[in-house]
Structure formats: structure tokens, C-alpha cells
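# A closer look at the structure
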Protein chains: 2
Amino acid sequence: MRMTVTIKDVAKAANVAPSTVSRVIANSPRISERTKEIVRGAMKELGYHPNFNARSLANKSTNTIGIVMPNSANKTFQNPFFPEVIRGISSKAHQVEYGLYLSTGQSEDEIFEEVQHMVQGKRVDGIILLYSRVDDRVMNYLYEQKFPFTVIGRPYDVRKREITYVNNDNYKASKTVTEYLLLLGHKNIAFIGGNLDFVVTVDHMEGYRKALYNAGIELKDDYIVFHEELQEGGQEAVIDLMSLSEPPTAMIVADDIMTFGVMRMLSEMEMRVPDDVSIISFNNVMISELSSPPMTTVDIHIYNLGYEACNLLIDLIHHPDTGAKQVLIPHKMIKRQTTQKIIGKISSSQ
Amino acid sequence: MRMTVTIKDVAKAANVAPSTVSRVIANSPRISERTKEIVRGAMKELGYHPNFNARSLANKSTNTIGIVMPNSANKTFQNPFFPEVIRGISSKAHQVEYGLYLSTGQSEDEIFEEVQHMVQGKRVDGIILLYSRVDDRVMNYLYEQKFPFTVIGRPYDVRKREITYVNNDNYKASKTVTEYLLLLGHKNIAFIGGNLDFVVTVDHMEGYRKALYNAGIELKDDYIVFHEELQEGGQEAVIDLMSLSEPPTAMIVADDIMTFGVMRMLSEMEMRVPDDVSIISFNNVMISELSSPPMTTVDIHIYNLGYEACNLLIDLIHHPDTGAKQVLIPHKMIKRQTTQKIIGKISSSQ
DNA sequence: GTGAAAGCGCTAACAA
DNA sequence: TTGTTAGCGCTTTCAC
């Protein structure tokens, strides 16, 4: 294999000093156009490419950002949500010529250790957390280290204003969606949430409660279920809910993929959607429109979440001393065909 | 912010030479347990973490592998296939303490340029290509550079044996699936393939042709359609196919996600699956079992594809001079409920 | 506008 | 078993 060509080789070939070559790479204005051309010529001729690690070492900056995903041991990760956020992140990162480094840990401990390595080993300049957990160890660590990071989702605790994040107004979205169902005449509305450790689940819950409260409808514990697993979760939830003496006529589901499970189980039980049960869920991932019937869901603009998170992070890296920022990505309810007025149905009480 | 603690600081604190500390990090057997302990103590005390870039520079190895995805501009990337391969890759990578670096390019040109940077800039030790395209520029480049890389899918051309890859026997899978449909009595079998630039599509096609040929059934061009887009693609394909004077009674679909589109459109046309049309597709991504009815599909063991690709790559990096290897991941048809015997010509019974 | 030289933090010969 | 020292390839003062 041919030897690597370094800055020195180029310098020799162009008859200049290594430092000059370095300046040409950085396109320093203090170098004359003439020598720039000569040097560039030599670089081309020799097939020179700057060594990334050498630059990073001298520079103390890597031009790469770390992406930390929730523990991929469970199936959470299979959610098309992730490719889509990453697509958003990628897009911004590519614009500013930053690279992406991915966490590989499968358990919480592994991830934590990995993040420490990224940070202390100076492997990345900043980190994006693709999730927000209640009292998350990784987030706390990053915060204490004052390492640049942004979160997709909102921090649960009081440091809200000291942490840079991008989020949807999940509380509001959930509230609206509940109100919508209420307007359609539903009174027995179930809530199928994700893992309660995630802040988004908490927010969804609160929105749901508030809407029911405002409408003067009593909260039924039986109508509220949480499930971690996306596929089985949805299915189990349906079994539980439909076994109740007064089964719900509408369901709010935390995640589109879960909705597939919900609809699947419902159809197995020969319940029709939306005739027997109305459903609204969240996210609007690509395949959401491909359910039969296509699902009504809240588009949270996943791509934008990723893009903006990256944008904020880049800012933070360049200007570490400006305060933390928070960005809210607007959501939008996409009405498709899993919701319907409750008219004929006599099964409702009160 | 506190100064970074380096190997020298540790050396001083432990009263040894920097090189000794370095050897302790590498856990060299030539260092006595006693000094190892002392040094480790000092490391802990000072909160030492090795600088990744410095190591890489001195080492000429980065312990990270690059993942190159197809251009994420189009929706291909949203396929849950990708999180799942990456999960497989992650898993192996984490075992051997390798990091993952992700391509961010959106177009073919951008990706090509990026790969060059990764390779020439020594940013990664090896690369995994998550797709195999006919006559792919990136693959050709890597091949010429003799840079360690593995492909998920098979190279199209004659260099088959000189390139390390992991693949399914897509030809065979497609042939089997076609034969199965034939056995169920179907004669009008359509094929809905992906982008013909991808080798997998070619292989699927060939398997389908071969099975029909063996059965003495003439190939109808009208029954063969290709679509790039997963969602719209499936739907458009159905429109075309069902408009034929003799519409197919069975369909082989390149991808589970596409099948969702296919089923969606079919249900819109009030065609029932499997009563009116049987469907088999490929991949068995997580949500495949959540279609209504759950789809029959070929499980290609996506996770294993990723895991094995990473495994091969690590091997290649450590032993660049052993020849190229090829690994075939077995597939398995998962019979669910979208296939059925064709009994009466008129969709009947039940 | 350009060059010389001192690092960035670590590894690996070569010595001892 | 451990220390000395010369790099790895680049950036960046400080001179000129």
C-alpha cells in the first residue's frame, strides 16, 4: 500500500513550509492567492487528504457529534421514529460538515459508560440525546460536566431553562386530541401510554387528564394503561380494555406503531375501527398512512425535531456561553379514518 | 473548566514513566501487577481518560467503523430495516469496543465524497455498506483502495469472490415463495419489485422467473412492476395490476412496508386479502406481524445480517491478508394470513 | 505573506 | 520490568 501523503510532502512539492500548507487548508486570508494555487495544485497532484485525527488532536475539536439512543436492547429502537430523527440530524450535520457518531450500548449502564468515553476521550464535540427520561443519568452527567448537549424531548425537572432542548407541546397535543374525541361524543376514552419513565408519556397523560377534567368527566383508572413494548403492548392493552364491563369507545395511543398492534387485536376481536372504536395516536411516522383504515394521528414533525436539535447543538458548540435555548416544534393533527362521531352507539352511559 | 489530565500527569502521580502508564492502559503483560495497581489508582484519583484522537494518531487505527447508508434523500431510509441492521452491527461493534460512524450524505455524490473523506482522512478502520447497488461507485472505490469493507447484499459483478459480504439467498427465497404460491393453485402471480438498481431486486426477479419457467407458466410483462418508493409504490402497483383484464390472484412484494401500501390499496378497492388476492413479501420487519391480516413474509434475519457484516469486517481489519469471505444468512418463510389456496376461480366460500 | 519550531496526548522502538 | 525518546500529522504562536 502506498505511503500516506502528509502536509510535509505537499510542502516540499510546493516549495513552501508545512505551516503554509496548513493555512491553505484553512483558507487563511493571509496567504497570497498565488501560493494558494500552487499549494492546491500540489495537493491535487499528490492526492493529499488531511488526517482527521491529527487535526482533531491539534485543534482540540473533532467536528463530530454523538448521538445517544435509548437502550436498543428492547424493541423501542425499531420504531421508524429513529431513522427519521437521524435523517433530520444528518441533514443539518452535513450542511456544517459535522460527522455523526453513534452510541452502541444496549443497556443503560453500557450507554452511560459510553457517553463518558465520548466526553472524556474527546471523541465528539457535543451530544444529542434522542430521548428524555425522568431523572436520566446520562443527562445529569452531561449537565454536570457542562458538556454541550441537546435533548429531543424536555427535561423533567426544574433545570428546564438551563438545558437546551427541542420538543413538541405534548401536553397540549394530547389535550387537544382528547377534546376532539370528546367533541365527537365519546365519553369512554382510554389512554394507552408508553413507558412512564419517558417524559413524553407523562405529558401525554397530563393533557388527557386535563381535558377530561375540564369536561367534567371522571378519570377511570381502568382506562389508563402503560406499555413499554410497542407491538405486544398495544395488543395486550386492547385485551385489558375490551374486557372491562364498560369498554371504551375511543382510545388515545402513545405511538403509531402501537396503534398497529391495537388495530390488529381489535380486528381479531371483530371490532371495527372506527365504527366500534375510535383511535388517535401520535407521531405520524411514514407508515401511519398505510394502516387499514389509515390512522388519525398527530404529526410531530420528527425530521424537524432532529434537524433543530442538531442546529441548536452546533450553536451551543460554537457559542458555549450563550444561554440554553428551547425550541418547540409545532404539531398537527392529521385526520384520517380511525375517528368517528359516536352516534348510533347506545352502549354509552352517562 | 478544569485542565485535561494526561498520561504525563498520571505518570508523575504514580512515579513512573509515561510509557508505563501507556502500557497499563493497554494492559501489557510486561508490567508487574504491583505497578499496574499503583498506576490504576492514580488514574482513578486524577480522573484520567485516554484521549481518543491522540491514541488514533499514534496508533494509526481508530477503532471505529463507518456505516454507509443509501442516499437518505428518498424515503428508502425510513424502512425499519435500517434500525434493525444497525442494531445488529452495534451489538458486535460494542462487543469488540468499536465505535460507529454514520454517513450523512443525502445524494450519491455527497456520499461518495464522504466515503473518500472517511478513508483518506483515516477516520474509520473499515466500512460497512448497507446496500448493494449494481455497479456502485462507492463499492468500486473501496475495492480499488483495498480498504477493508463489507457489503450487506451481494456485489453484482464478477468480483463476487474478492469482496467480503453477507447476504441472503434472495434468488432461492423468491423462487420458493413463487413455488409456494403455485402450489396453492395460483397461476396469475404478479411481482412487485423494488428499485432495479439494487441487486436484491434482480435476484428476487430471477427467482420468480425461474419458478414460473419450471412450472411452464409464461411470464407476463404486465405482471412485473418495479417501484422505488415504498409507500406510494405499493399503492400504484396495485392500481396498475388490478386494472389488467386478467388481474393477478397473488402478489410477491419486495418489501414488507410496500405490502402495507399494497394491502391498503386493496382494501380501498374492496378486495379482500387473502380471499381475493394472496400476498407474500420479504424482510419480516417488526411491524409485519401487525398488518391486518398479519402478512406472510420471508424472514431474512436482518439483525444477523448486521451482526455478521460487522463480524466479518472486524476480521478483515485484523487480518487484511486472509481472503474475502462470503456469508449467507438463512431465510425462513413465515406463514401468516395473507396467503391462501385458490379454490374456485370466483372468490368463494367462507 | 511566509517560515521555524513547539506542542496536541499517546504509542512503540530501543535501551537499560 | 521499566524508562527514554522519537515520532504520529497537524495547528499555531512567534519571528522575520
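Residues numbered from 1 in each chain as written. Chains lettered and ligands numbered in written order. Predicted model: local features only at pLDDT ≥ 70, side-chain atom pairs only at ≥ 80, totals over all residues. Heavy atoms only, no water.

## Some thoughts on the protein's contact with DNA strand C
Neighbouring residues of DNA strand C: 26 residues in total, closest T20 and R23 of chain A together with I7, S22 and Y48 of chain B. Within 4 Å of the protein, the contacting atoms of DNA strand C are drawn from sugar and phosphate to the extent of 67%. Within the backbone of S32 of chain A, one N or O atom sits 2.9 Å away from a phosphate oxygen of DNA strand C. Interatomic distance of 3.1 Å between a backbone N/O atom of N51 of chain B and a phosphate oxygen of DNA strand C. Looking at the surface near DNA strand C, the elements that each hand over two or more residues are α2 (18-25) and α4 (52-59) of chain A together with α2 (18-25) and α4 (52-59) of chain B. Within the surface near DNA strand C, the residues separate by chemical class into 10 nonpolar, 11 polar and 5 charged. (Near = heavy atom within 4 Å. Polar contact = N/O pair within 3.5 Å; in protein donor to acceptor, adjacent residues only side chain to side chain. Helix = DSSP H or I, 4+ residues; strand = E, 2+ residues; numbered from the N terminus. Nonpolar A, V, L, I, M, F, W, Y, C, P; charged D, E, K, R; others polar.)

## As for the UniProt feature "domain: HTH lacI-type" (unreviewed entry) in chain A
UniProt's entry tags residues 5-59 of chain A with the feature "domain: HTH lacI-type" (unreviewed entry), counted in the numbering of this structure. Secondary structure across residues 5-59 of chain A comprises 69% helix and 0% strand; the distance between its end C-alpha atoms is 20 Å. (UniProt positions renumbered as here; feature names shortened; annotations may be inferred.)

## A short note on the relation of the copies chain B and chain A
When chain B is brought onto chain A, the operation consists of a screw motion whose angular component is 180° and whose axial shift is 0.1 Å, with 0.2 Å RMSD remaining. This pairing of chains is accounted for by a two-fold axis. Mapped onto chain A, 100% of the interface residues of chain B are again interface residues, and the two copies thus contact each other with one and the same surface. (Least-squares fit on C-alpha atoms with pLDDT ≥ 70 in both. Contact = heavy atoms within 4.5 Å.)

## Some points on the interface of chain B and chain A
Tallying the contact residues gives 59 residues for chain B and 59 residues for chain A. For the chain B and chain A pair, buried surface summed over both sides reaches about 5,600 Å², with 59% attributable to carbon and sulfur atoms. For the chain B face of the interface with chain A, the top three residues by lost area are Q78, M286 and L290 of chain B, together amounting to 13%. At the boundary of chain B and chain A, one finds 0 salt bridges. Looking at the side of chain B that touches chain A, the elements with two or more residues in it are α4, α5 (81-95), β2 (99-102), α6 (108-120), α10 (231-242) and α11 (256-268) of chain B. By residue class, the composition of the side of chain B that touches chain A is 21 nonpolar, 28 polar and 10 charged. Where strand β2 (residues 99-102) of chain A and β2 of chain B come together, 3 bridges link them in antiparallel fashion. (Buried area = accessible area lost by both parts, 1.4 Å probe. Salt bridge = Lys/Arg side-chain N within 4 Å of Asp/Glu carboxyl O. Pairing = 2+ DSSP bridges.)

## Quick look at the pattern of salt bridges
Residues and elements named next belong to chain A. Within this structure, the stated rule accounts for 20 salt bridges over all chains. For K175, the salt bridge is made with E179, and the minimal N-O distance between the two is 3.3 Å. Linking K175 with E179, this pair stays in helix α8 (residues 170-183), spanning 4 residues, or about one helical turn. Judged by relative accessible area, which is 28%, E179 ranks as partly exposed. (Buried < 20%, exposed > 50% of the residue type's maximum accessible area, 1.4 Å probe, protein only.)

## What about the protein's contact with DNA strand D?
Neighbouring DNA strand D are 27 residues, the closest being I7, S22 and Y48 of chain A together with T20 and R23 of chain B. At a separation of 2.7 Å, a phosphate oxygen of DNA strand D approaches a polar side-chain atom of S22 of chain A. If you list the elements that add at least two residues to the surface near DNA strand D, you get α2 and α4 of chain A together with α2 and α4 of chain B. No other element matches the 4 residues that α4 of chain A contributes to the surface near DNA strand D. Of the residues in the surface near DNA strand D, the class split is 10 nonpolar, 12 polar and 5 charged.

## Remarks on empty space enclosed by the protein
All names here are of chain B. On inspection of all chains with the given rule, the structure shows 8 cavities of 30 Å³ or more. The calculated volume of the largest cavity comes to roughly 640 Å³. In this structure, the largest cavity is lined by 33 residues; those nearest its centre are F81, F198, V200, D255 and N283. Only α5, β5 (164-168), α9 (199-214) and β9 (278-283) provide two or more residues apiece to the lining of the largest cavity. Element by element, the count of residues in the lining of the largest cavity is highest for α9, at 5 residues. Across the lining of the largest cavity, the residue classes tally to 16 nonpolar, 13 polar and 4 charged. (1 Å grid on protein atoms, 1.4 Å probe; cavity = no way out; pocket = protein on both sides within 12 Å on 5 of 7 lines; lining within 4 Å. Points joined across faces, edges and corners; volume = space filled by probe spheres on them.)

## Quick word on the side chain of S90 of chain A
Its place among the elements puts S90 of chain A in helix α5 (residues 81-95). Other than its neighbours up to four places away in sequence, S90 of chain A contacts L100 of chain A together with S103, T104 and Q106 of chain B.

## Considering the environment of K92 of chain A
Residues and elements named next belong to chain A. With respect to the secondary-structure elements, K92 resides in helix α5. The class of K92 is buried, set by a relative accessible area of 11%. In this structure the C-alpha to C-alpha distance between K92 and K172, which are 80 residues apart in sequence, comes to 28 Å. For K92, the contacting residues outside a window of four places in its chain are Y307, C310 and N311.

## What about the packing of α10 of chain B against α11 of chain B?
Residues and elements named next belong to chain B. Where α10 contacts α11, the axes come no closer than 7 Å and their chain directions differ by 45°. Considering their axes alone, α10 and α11 lie oblique with respect to each other. Handedness of the α10/α11 crossing: right-handed. Packed against α10, whose contacting residues are Q231, G233, G234, Q235, V238, I239 and M242, the element α11 presents M258, G261, V262, R264, M265 and L266 at the interface. Residue classes in the contact of α10 with α11 are distributed as 7 nonpolar, 5 polar and 1 charged. (Axes fitted to C-alpha atoms, helices over the stretch in contact; angles between N-to-C directions. Parallel < 35°, antiparallel > 145°, perpendicular 65-115°, else oblique. Left-handed = near helix turned anticlockwise from the far one by under 90°.)

## Considering the packing of α2 of chain A against helix α3 (residues 33-46) of chain A
Residue and element names in this part refer to chain A. The contact between α2 and α3 brings their axes to 10 Å, and the two run at 90°. Overall, the two elements α2 and α3 adopt an arrangement that is roughly perpendicular. Residues V21, V24 and I25 of α2 form the contact with α3, whose participating residues are K36, V39, R40 and M43. Its residues assigned to classes, the contact of α2 with α3 comprises 5 nonpolar, no polar and 2 charged.

## Considerations on α6 of chain B
Residue and element names in this part refer to chain B. Given a rise of 1.5 Å per residue, 13 residues ought to cover 18 Å, and the 18 Å separating the end C-alpha atoms of α6 matches this to within 8%. When we look at burial in α6, the residues that qualify are I111, F112, E114, V115, M118, V119 and Q120. Phi for K122, located one or two positions after α6, is positive at around 55°. (Expected span 1.5 Å × (residues − 1).)

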